[in-house]
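Residues per chain are reported as follows:
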Amino acid sequence: MHADPLTALRREADELDATDPLAPMRELFVPAGKGENAVRAYLDGNSLGRPLKATAERLADLIAHDWGTRLIRSWDERWMEMPLRLGDRLGRVCLGAGAGQTVIADSTTVLLYKLLRAAVAGAPARRTEIVIDSENFPTDRYIAAGIADETGCTLRWITPDPAKGVELAEVEAVLSERTAVVVLSHVAYKSAWLADLPAITRAVHDAGAVVLWDLCHSAGAVRVDLDEHEVDLAVGCTYKYLNAGPGAPAFGYVATRHQDHLTQPIRGWMGHADPFVMGPGFEPSPGMRRFISGTPPILAMVGIEDTVALIEQVGLDQVQAKGELLTAATIRWVDWLLRPLGATVVSPRDPSRRGHHVTIAHPRARELSARLWEREVIPDFREPDGIRLGLSPLSTSFGEVAEALAVMADLMAT
Ligand SMILES: *Cc1c(COP(=O)(O)O)cnc(C)c1O
């Protein structure tokens, strides 16, 4: 170890920033405060991504032009197509999804309900089990439990190692001729465990069931080739790595082969084959439009376009590569600087099994997190003893991580 770990760490961070091809992207974001009150390190871009300056302009423009001047004509001119047009672009750039399979709508919670409920309804009568894991995000577990209550299905629980996540063998062990749907997160929200999506998807198909992947912590950060791996269904957030803003709607993916035989439960007029006929009965639109329920939240979805355009410009591979470097450096530095002070890395050490955050455990995590926020260092606290460091490749610098760890070391030492 170097005589002065902090100096060595800062020097290494400077070198990494100097050779980082994505470093200039940071200038594209709205500055997080000025001078004394500026945020020193924002490590929560996986809960709420920072806004791009372009989004502020796009919103102002939408209000002045599309809404303010074109008024209701904008529905015909642009807005009706927006959930599908934007979905296609997001699908192509971030999800490996061909056109006509991705829609922007609702929140992740609601869209998860709609797609999971549709999948359960579409399963053969003898398939009555929903497979889910105990480490999945609360909303996923609650929605699945609600659907089980509503339909009489049974939940089949996987209980993975909390420091890791769901393994292929654990999925295989619960699959049977009773399995209807398997619902899992691609990147675990606590540990950052990256599930083996291709192998698990194959195993689910071999058992005759369908899989619904939650991509909240993958979209815009980690490569997900939905078409290539023949994923059935997926949902995810746009306000995390996609920086679309608080309450920005979710995206949903339904493989073309499933679209015509799945009907989602919230059958609103906007999912009708011809909404303006306003006929007596519901007739689902062909294709992805049937998964829309009501009026699309246009204002809330405009922010999606800017980060997707940026990722298209720099390439998702480059984004993923920086995320791998950021997480690797963070783990190395935590071992070096914070392990002697009682912190341990609980995220996977194997880079091929890890998303873009690093969770560390410390007995005083709750108190430390509160004091870090006061000092303009912003990670996320996760019960019971986790500090989650979200590393957003387009907006996080290595220097920022070094700065955060220096403040954490200072707090942990006192
Ligand atoms: C953030 C997150 C959600 C959030 O759902 P909302 O409906 O947007 O609140 C759902 N699932 C996972 C895995 C998440 O990480």
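The preceding data block contains the structure.
Predicted, not measured: the structure shown is a model, and the values here were computed from it. (Residues numbered from 1 in each chain as written. Predicted model: local features only at pLDDT ≥ 70, side-chain atom pairs only at ≥ 80, totals over all residues. Heavy atoms only, no water.)

Observations regarding the nonpolar core
Grouped burial of nonpolar side chains is what soluble globular proteins tend to show.
Moving on, step 1. In terms of nonpolar packing, the biggest core is built from 56 residues, with Trp213 and Leu394 touching the most fellow members.
Moving on, step 2. With 6 residues, the single largest contributor to this core is helix α4 (residues 82-95).
Moving on, step 3. In contact with Leu394, not counting residues within four places along its chain, are Leu22, Met25, Arg26, Phe29, Thr307, Leu310, Ile311, Val314 and Val319. (Core = buried A, V, L, I, M, F, W, Y, C linked by side-chain atoms within 4.5 Å. Buried < 20%, exposed > 50% of the residue type's maximum accessible area, 1.4 Å probe, protein only. Helix = DSSP H or I, 4+ residues; strand = E, 2+ residues; numbered from the N terminus. Contact = heavy atoms within 4.5 Å.)

Thoughts on the site of the ligand
Moving on, step 1. The environment of the ligand is formed by 13 residues, the closest being Thr109, Asp214, His217, Tyr239 and Lys240.
Moving on, step 2. Between Lys240 and the ligand, the recorded distance is 2.6 Å, taken from a side-chain N or O atom to an oxygen atom.
Moving on, step 3. Protein coverage of the free-state accessible area of the ligand, which is 390 Å², stands at 85%.
Moving on, step 4. The set of elements that each furnish at least two residues to the shell around the ligand consists of α5 (108-122) and α6 (138-151).
Moving on, step 5. Class assignment of the residues belonging to the shell around the ligand gives a composition of 4 nonpolar, 6 polar and 3 charged. (Near = heavy atom within 4 Å. Polar contact = N/O pair within 3.5 Å; in protein donor to acceptor, adjacent residues only side chain to side chain. Areas by Shrake-Rupley, 256 points an atom, 1.4 Å probe, with all protein chains shown as cover. Nonpolar A, V, L, I, M, F, W, Y, C, P; charged D, E, K, R; others polar.)

Structural notes on the packing of helix α1 (residues 5-18) against helix α14 (residues 398-413)
Moving on, step 1. Close contact between α1 and α14 brings their axes to 8 Å; oriented N to C, the two are set at 160°. Of the possible angle classes, the one that applies to α1 and α14 is roughly antiparallel. As for how α1 packs across α14, the hand of that crossing is right-handed. Across the interface between the two elements, Leu6, Leu9, Arg10, Ala13, Leu16 and Asp17 of α1 pack against Phe398, Gly399, Ala402, Glu403 and Ala406 of α14.
Moving on, step 2. Considered class by class, the residues forming the contact of α1 with α14 number 7 nonpolar, 1 polar and 3 charged. (Axes fitted to C-alpha atoms, helices over the stretch in contact; angles between N-to-C directions. Parallel < 35°, antiparallel > 145°, perpendicular 65-115°, else oblique. Left-handed = near helix turned anticlockwise from the far one by under 90°.)

Side note on the pairing of strand β3 (residues 129-133)
Side-chain positions along a regular strand alternate between the two faces of the sheet.
Moving on, step 1. With 5 of 5 residues buried, β3 lies mostly within the body of the structure.
Moving on, step 2. Side chains Glu129, Val131 and Asp133 project from β3 onto one buried face, and the interleaved Ile130 and Ile132 project onto a second face that is buried too.
Moving on, step 3. In this structure, β3 lies alongside strand β4 (residues 154-158), joined through 5 bridges in parallel fashion. Within the sheet, the bridge partner assigned to Ile132 lies in β4 and is Trp157.
Moving on, step 4. Running through α6, the crossover from β3 to the neighbouring parallel element β4 is right-handed.
Moving on, step 5. Here 3 bridges tie β3 to strand β5 (residues 179-185), and the two strands are oriented parallel to one another. (Pairing = 2+ DSSP bridges. Right-handed = clockwise from strand over helix to strand, strands pointing away.)

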